[in-house]
Amino acid sequence: SVFNENPTSNPDIRYSPTEEQLEESYNTPLPAAAVTALENNDLKGALRALSMSKDSEIAKLAKGLLGANVDATVKLTKGLKNDRGQAVPGFYDPETNTLHLDPTSMTTHTVLHEAAHSGLSHVIEDKNNIVTRQLNKLFNDVIPMLDGAYGAESLQEFVAEAQSNLEFRGKLNA
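Residues numbered from 1 in each chain as written. Predicted model: local features only at pLDDT ≥ 70, side-chain atom pairs only at ≥ 80, totals over all residues. Heavy atoms only, no water.

Asker: What am I meant to see in the overall build of the protein here?
Answerer: Tallying secondary structure elements over the protein gives eight helices and three strands in all. Order of helices (α) and strands (β) in the protein, N terminus to C terminus: α-α-α-α-β-β-β-α-α-α-α. Split into buried and exposed, the 174 residues of the protein put 47% on the buried side. A total accessible area of about 8,900 Å² is found for the protein, and carbon and sulfur atoms account for 50% of it. (Helix = DSSP H or I, 4+ residues; strand = E, 2+ residues; numbered from the N terminus. Buried < 20%, exposed > 50% of the residue type's maximum accessible area, 1.4 Å probe, protein only. Areas by Shrake-Rupley, 256 points an atom, 1.4 Å probe, with all protein chains shown as cover.)

Asker: Hey, could you run me through the nonpolar core in this one?
Answerer: Most often, soluble globular proteins have nonpolar side chains that are buried together. Residues Leu-38, Leu-43 and Leu-112 are the most contacted members of the largest nonpolar core, which totals 25 residues. Mapped by element, the contributors of at least two residues to this core are helix 2 (32–39), helix 3 (43–50), helix 4 (56–67), strand 3 (98–101) and helix 5 (108–125). Leaving out residues up to four positions away in the same chain, Leu-43 has contacts with Leu-38, Val-70, Asp-71, Ala-72, Val-74, Leu-99, Val-111 and Ala-115. Leu-135, Phe-139, Ala-152 and Leu-172 belong to the second-largest nonpolar core, a separate cluster that totals 13 residues. (Core = buried A, V, L, I, M, F, W, Y, C linked by side-chain atoms within 4.5 Å. Contact = heavy atoms within 4.5 Å.)

Asker: What is the right way to read the packing of helix 4 against helix 5 from this model?
Answerer: When two helices pack together, you describe them by how their axes are tilted relative to each other and by the distance separating the axes. It is at 11 Å that the axes of helix 4 and helix 5 come closest, and there the two elements cross at 30°. Judged by the angle between their axes, helix 4 and helix 5 are roughly parallel. For the pair helix 4 and helix 5, the sense of crossing is left-handed. Facing Ile-58, Leu-61, Ala-62 and Leu-65 of helix 4, the residues of helix 5 in contact are Thr-108, Leu-112, Ala-115 and Ala-116. (Axes fitted to C-alpha atoms, helices over the stretch in contact; angles between N-to-C directions. Parallel < 35°, antiparallel > 145°, perpendicular 65-115°, else oblique. Left-handed = near helix turned anticlockwise from the far one by under 90°.)

Asker: Mind showing me how you'd approach unusual backbone geometry here?
Answerer: Only a minority of non-glycine residues have a phi that is not negative, and only a minority of peptide bonds are not trans. Of note, the phi angle at Asn-41 is positive, near 55°, even though the residue is not glycine. Mapped onto the secondary structure, Asn-41 falls in the loop between helix 2 and helix 3. The class for Asn-41 is partly exposed, based on a relative accessible area of 40%.

Asker: What am I meant to see in the pattern of salt bridges here?
Answerer: As a working rule, side chains carrying opposite charge can pair if their charged atoms are close by. Here the structure, examined in full by the defined rule, presents three salt bridges. When the shortest N-O distance is used, the salt bridge between Glu-57 and Lys-60 registers 3.9 Å. One end of the pair, Glu-57, and the other, Lys-60, are both in helix 4, three residues apart, so they sit about a helical turn from each other. For Lys-60, a relative accessible area of 40% corresponds to the partly exposed category. (Salt bridge = Lys/Arg side-chain N within 4 Å of Asp/Glu carboxyl O.)

Asker: Just checking my understanding: could you explain the pairing of strand 2 (residues 90–93) for this structure?
Answerer: Because side chains alternate across strand 2, one face comprises the buried residues Gly-90 and Tyr-92, and the other comprises Phe-91 and Asp-93, equally buried. Pairing between strand 2 and strand 3: four bridges, direction antiparallel. Counterpart to Phe-91 in the pairing with strand 3 is His-100. The turn joining strand 2 and strand 3, which pair antiparallel and follow one another in sequence, is formed by four residues; a positive phi near 50° is taken by Asn-97. (Pairing = 2+ DSSP bridges.)

Asker: Help me understand helix 6 (residues 130–142), please; the structure alone is not making it clear to me.
Answerer: Since the α-helix advances by 3.6 residues per turn, residues separated by three or four positions end up pointing in the same direction. The end-to-end C-alpha distance of helix 6, which contains 13 residues, comes to 19 Å, matching closely the 18 Å that a straight helix rising 1.5 Å per residue would cover. Turning to helix 6, its buried residues number three or more, namely Thr-132, Leu-135, Phe-139 and Val-142. Considered in projection along helix 6, the buried side chains sweep an arc of 100° and stay on one side of the axis. Exposed positions of helix 6 whose direction lies more than 90 degrees from the buried face are Gln-134 and Lys-137. Tucked into the core, helix 6 has its buried residues touching helix 5, helix 7 (155–164) and helix 8 (166–173). The N-capping residue of helix 6, defined by a side-chain oxygen 2.7 Å from the backbone nitrogen of Val-131, is Asn-129. (Expected span 1.5 Å × (residues − 1). Arc of directions from axis to C-beta. Polar contact = N/O pair within 3.5 Å; in protein donor to acceptor, adjacent residues only side chain to side chain.)

Right, dumping it as C-alpha cells:
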C-alpha cells in the first residue's frame, strides 16, 4: 500500500513468516463483514471482523488496534490517487483523522496499515514524546538494512509497516 502522509499538503518484530504466509497475508481480501462495516463508516466494525480472521497474525493485529481504541472516519472512493498522481489502495489524512480507501483495490493489509497510522500518527508527530524518540532511534538504526522497503520512507511509514506488514516484519527480523 502506498501512503500519502498528508494528502492536503511497539510492534512485535520477532515473527518470521514463511514465504507462503507473506504472500497470503499481504494480499488477503477483506471479509464481507469488514467491507460492509467500512461502507458504513465503521472502522471498529471492520477491525472486529478482521479480529476473527483464521490468520492468527491478522487477528492479533486487528485486536491490538481495537485495544488501542483506534477509530477514524472512513471514506471509500474509487480511483484514489496520492499527491504524486499514483493510484493507491488507501491513505490516511491525519488532519481529519480519515482513512481514504479505494473499494476496488483495498486489502486486509491496506486497512490494517492505514488504521495503524490513525492510532499512531499523533504520537509520532510529538517529537518530545519518549516513544517517538525511541522509535526514531530504532528507525535510524535499521534504515541501512531495509533495502529501499516502503517502511524506510519515513518514521510514520516505518511504524505503520511494522504494525501491519508481515513481509516488512520479516525484513526487520532478518
